[in-house]
Amino acid sequence: TLFRSPGSGQRGKLFVRAHAADGVAQAIDREIRSMGREYATSWSSLEQTTEQALVSERAIALLSAFFGGVALLLAGLGLFGLMSYSVGRRTRELGIRLALGGEPATLLRLVLRETLVLALAGIVLGIPCAIAATSLAAHLLFGPSPSDPTTLATVSLILFAVAALAGYFPARRAMTMDPLAALRYE
């Protein structure tokens, strides 16, 4: 248990380890007060003091997670928009493929492959940048190292899954298009 004496300018701290924290705290408080009124006392447990000390770090971690989620959402929406635009520009080509007997599943794989290649290129270029950035912020990390392979693999898989989801809907639209309408397009 942690006891501290803030006084004027926090002159001293008294650390006491005890099983019955409240009883010991009250006994120490009575003993200090018996010495005179110039000693102001207050006490808190080590857990409470630790929680108070970590409030700002937890707030920063929560904000970082929030902004990371927003960045992931924006990246997914951007990739979705890019692939929707690509499918829209290639409507005629995709319609010809379907009209000549191409399987809709083939178009799905074609568009998804393009999406995942873009995501893979982003991951390959992003990992060295992430390692460089985390080495600059290593003093803020508690637990994982700046180049923790588990964290990098997990984040890469999440990005890959978001890219697959972002590419699936334009690919599905390409897969379900009417070949005759696509040939008349433009």
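About the criteria used
- Residues numbered from 1 in each chain as written.
- Predicted model: local features only at pLDDT ≥ 70, side-chain atom pairs only at ≥ 80, totals over all residues.
- Heavy atoms only, no water.
- Patch = residues over 30% accessible without salt bridge, like charges linked within 9 Å, V, L, I, M, F, W, Y side chains within 5 Å.
- Areas by Shrake-Rupley, 256 points an atom, 1.4 Å probe, with all protein chains shown as cover.
- Salt bridge = Lys/Arg side-chain N within 4 Å of Asp/Glu carboxyl O.
- Helix = DSSP H or I, 4+ residues; strand = E, 2+ residues; numbered from the N terminus.
- Buried < 20%, exposed > 50% of the residue type's maximum accessible area, 1.4 Å probe, protein only.
- Core = buried A, V, L, I, M, F, W, Y, C linked by side-chain atoms within 4.5 Å.
- Expected span 1.5 Å × (residues − 1).
- Bend = angle between axes of the 7 residues up to and from the residue.
- Contact = heavy atoms within 4.5 Å.

A. View of a nonpolar patch on the surface. Together, Leu 63, Phe 66, Phe 67, Val 70, Leu 73, Leu 74 and Leu 77 make up an exposed nonpolar region whose accessible area comes to about 710 Å². Mapped onto the secondary structure, Leu 73 falls in helix α3 (residues 55-89). Relative accessible area serves as the criterion here: at 53%, Leu 73 is assigned to the exposed category.

B. Examining the side chain of Ser 156 more closely. With respect to the helices, strands and loops of the structure, Ser 156 is situated in helix α6 (residues 149-175). On the accessibility criterion, Ser 156 (15% relative accessible area) is buried.

C. Quick look at the pattern of salt bridges. On inspection of all chains with the given rule, the structure shows 4 salt bridges. The structure contains a network of salt bridges with shared partners spanning Arg 90, Glu 93, Arg 97 and Glu 114.

D. Here's a closer look at the environment of Val 124. One can find Val 124 in helix α5 (residues 104-136). Note on Val 124: relative accessible area 53%, which makes it exposed. Sequence spacing of Val 124 and Ser 156 is 32 residues, and the spatial spacing of their C-alpha atoms is 9.2 Å.

E. The nonpolar core, seen in detail. Formed by 16 residues in total, the largest nonpolar core has its most connected members in Leu 79, Val 87, Leu 94, Val 111, Ala 174 and Met 177. Where this core is concerned, the elements lending two or more residues are α3, α4 (91-99), α5 and α6.

F. Here's a closer look at α5. Counted at 1.5 Å a residue, the expected span for α5 with its 33 residues is 48 Å, and the 48 Å between its end C-alpha atoms agrees. A maximum bend of about 30° is found in α5 at Gly 126, where proline Pro 128 lies one to four positions downstream. Of the residues making up α5, those classed as buried are Leu 107, Leu 108, Leu 110, Val 111, Thr 115, Ala 119 and Ile 123. On its buried face, α5 is in contact with α3, α4 and α6.

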